[in-house]
Amino acid sequence: MRDIRTLFYHGTGAQLEKLCIHHGKKGFEQATPDYCIKRIHEELIELEEARTVEEMRHEAADIANFCHMLIMHCDKKMGNTVQNDKKCGNI
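Residues numbered from 1 in each chain as written. Predicted model: local features only at pLDDT ≥ 70, side-chain atom pairs only at ≥ 80, totals over all residues. Heavy atoms only, no water.

**Q** Outline the nonpolar core, supporting the account with residue identities and numerical values.
**A** Core analysis: the largest hydrophobic core is formed by seven residues, namely Ala31, Cys36, Ile40, Ile63, Phe66, Met69 and Leu70. Those elements giving two or more residues to this core turn out to be α2 (33-49) and α3 (53-78). Broken down by element, the residue count for this core peaks at four residues, all from α3. The contact partners of cysteine 36, leaving out residues within four places of it in the chain, are Ala31, Phe66, Met69 and Leu70. (Core = buried A, V, L, I, M, F, W, Y, C linked by side-chain atoms within 4.5 Å. Buried < 20%, exposed > 50% of the residue type's maximum accessible area, 1.4 Å probe, protein only. Helix = DSSP H or I, 4+ residues; strand = E, 2+ residues; numbered from the N terminus. Contact = heavy atoms within 4.5 Å.)

Listed below in structure tokens is the structure:
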């Protein structure tokens, strides 16, 4: 069985670090889908150019954050609310 929690905690920790570093920037709630997609492409280039595992981790966290902003926008448009995913059972 896959260890979903470990994957989640590692990813979330890196993402939160990046969000805290950029805490003073414009609120992510206003990010448009086009902006998120543009930034995902830009961050992917930076990830491909990363030379160290630290740089890879930072760029991957940036990509994940922009993906989550895009998901948040889609959920709002779809009327989805934040809730636990019951499909995964007891994770």
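After presenting the structure, the write-up continues.
**Q** Kindly report on the side chain of glutamate 43, identifying the contributing residues and their values.
**A** Tracing the sequence through the fold places glutamate 43 in helix α2. Relative accessible area serves as the criterion here: at 3%, glutamate 43 is assigned to the buried category. Here glutamate 43 is in contact with Glu59, Asp62, Ile63 and Phe66, once residues within four sequence places are set aside.

**Q** Go over a nonpolar patch on the surface, please, and point to the residues and values.
**A** On the surface, a cluster of nonpolar side chains totalling about 250 Å² of accessible area is made up of Leu16, Leu19 and Phe28. Turning to its location among the elements, leucine 16 is positioned in helix α1 (residues 4-21). Taking the relative accessible area as the measure of exposure, leucine 16 reaches 46% and is therefore partly exposed. (Patch = residues over 30% accessible without salt bridge, like charges linked within 9 Å, V, L, I, M, F, W, Y side chains within 5 Å. Areas by Shrake-Rupley, 256 points an atom, 1.4 Å probe, with all protein chains shown as cover. Salt bridge = Lys/Arg side-chain N within 4 Å of Asp/Glu carboxyl O.)

**Q** With reference to specific residues and values, describe the packing of aromatic side chains.
**A** Scanning all chains against the criterion turns up two aromatic pairs. Note on phenylalanine 8 and tyrosine 9: the rings are 5.7 Å apart at their centroids and 70° apart in plane angle, and the pair reads as edge-to-face. Residue class for tyrosine 9 comes out exposed when judged on its relative accessible area of 54%. A ring pair is formed by tyrosine 35 and phenylalanine 66, whose centres lie 6.1 Å apart and whose planes are at 75°; its orientation type is edge-to-face. Remark: phenylalanine 66 occurs in helix α3 and tyrosine 35 occurs in helix α2; sequence separation between them is 31 residues. The exposure class assigned to tyrosine 35 is partly exposed, which follows from its relative accessible area of 39%. (Phe/Tyr/Trp six-rings, centres within 6.5 Å; stacked < 30°, edge-to-face > 60°.)

**Q** Please set out α2 residue by residue, giving values where relevant.
**A** The terminal C-alpha atoms of α2 lie 25 Å apart, and with 17 residues this matches the ideal 24 Å at 1.5 Å per residue to within 8%. Burial in α2 covers these residues: Cys36, Arg39, Ile40 and Glu43. Seen end-on, α2 carries its buried residues on one side only, within an arc spanning 110°. In α2, the exposed positions that point more than 90 degrees away from the buried face belong to Asp34, His41, Glu48 and Glu49. On its buried side, α2 packs onto α3. (Expected span 1.5 Å × (residues − 1). Arc of directions from axis to C-beta.)

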